[in-house]
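# Tertiary structure, described
These are the residues of each chain, in order.
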Amino acid sequence: MEMSLQVLTVLVLGVATLWSAVPVGLLLGLDGWTTGMAAAGGAGLGTLLVLSLSDRLRRQPPAAASRAATRSRGLLQRAWTCCGVPGLGLLAPLLIGAPLGAAVGVLLGASVPRLALWLTIGIVLCSAGLTGLATLGSGMLLALAQAATGVLGHDAPTLTLFAAPQGGCQHLWNGQAVLT
């Protein structure tokens, strides 16, 4: 797959949720930096679209955003009650996605510029955190697989893991990582 198509895929998935965009970007062979930037960019674009429709949202709220905004016992509701816009902006990208978090914030009466600022900070932090954890996790899996094939001996079968952060697929053959 061409790199621009890979980046576009991660960007589109980032509009929906960072939880899907980051792993898919790494699986497609994008490096961590490109994956994180594309996922954050997608979440940011989705958020800007929702915030640009804030007046319309206040007049005619969608059902999903209304339900999320009126839950009294959820983590977002507690963050809103305790910390206001900063709490919502930092947690929404991780829990429900930044665009839906923007809609919830608008329905709860948050100021759009302040909500945009805190959601942007939340998007950047969540994207960086998820990308870092996914990259670290893939490295740990590779090390475990290398150790396992070393224990199995010379006739160990090839083990295909997932896309490598450098691009291509990581294969293990007799304990050696081979980039294809």
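We now turn to the structure provided with this report. (Residues numbered from 1 in each chain as written. Predicted model: local features only at pLDDT ≥ 70, side-chain atom pairs only at ≥ 80, totals over all residues. Heavy atoms only, no water.)

### Quick notes on the nonpolar core
Operational definition: What is meant by a nonpolar core is a set of buried Ala, Val, Leu, Ile, Met, Phe, Trp, Tyr and Cys residues, joined one to another through side-chain atoms within 4.5 Å. For every residue, the accessible area (1.4 Å probe, protein chains only) is compared with the maximum for its type, and the residue is labelled buried under 20%, exposed over 50%, or partly exposed between those bounds. In this description a helix means any DSSP run of H or I spanning at least four residues, a strand means any run of E spanning at least two, and both kinds are numbered starting from the N terminus. Residue contacts follow a heavy-atom distance rule, with two residues in contact if any of their heavy atoms lie within 4.5 Å.
Ranked by size, the top nonpolar core spans 15 residues in total, and within it Leu88 and Leu115 carry the most contacts. Those elements giving two or more residues to this core turn out to be helix 3 (32-52), helix 6 (75-83), helix 7 (85-95), helix 8 (98-107) and helix 9 (112-152). Ranked by residues supplied to this core, first place goes to helix 8 with four residues. Once you skip the residues sitting within four places of it in the chain, Leu88 turns out to touch Leu76, Ala79, Trp80, Pro93, Gly101, Val104, Gly105, Leu115 and Leu119. Counting residues in each nonpolar core, the second largest holds 14 residues, with Leu26, Ala38, Ala40 and Ala43 among its members.

### Description of the environment of Ala21
Residue placement: Ala21 occurs in helix 2 (residues 18-27). Linking Ala21 and Val7, residues 14 residues apart in sequence, is a C-alpha distance of 9.9 Å. Sequence-distant contacts of Ala21, defined by excluding residues within four places in its chain, comprise Val10, Leu13, Gly14, Thr35 and Ala39.

### Details of the state of the cysteines
Put simply, the test is: The disulfide criterion used throughout: a pair of cysteine sulfur atoms within 2.5 Å.
Tallied over the entire structure, the rule returns zero disulfides. We note that Cys82 lacks a disulfide partner, and the nearest cysteine sulfur, in Cys83, lies 3.3 Å from it. Residue class for Cys83 comes out partly exposed when judged on its relative accessible area of 44%.

### A closer look at the side chain of Thr34
Mapped onto the elements of the fold, Thr34 is located in helix 3. With a relative accessible area of 18%, Thr34 lands in the buried category. When neighbours within four sequence positions are excluded, Thr34 is seen to be in contact with Met3 and Val7.

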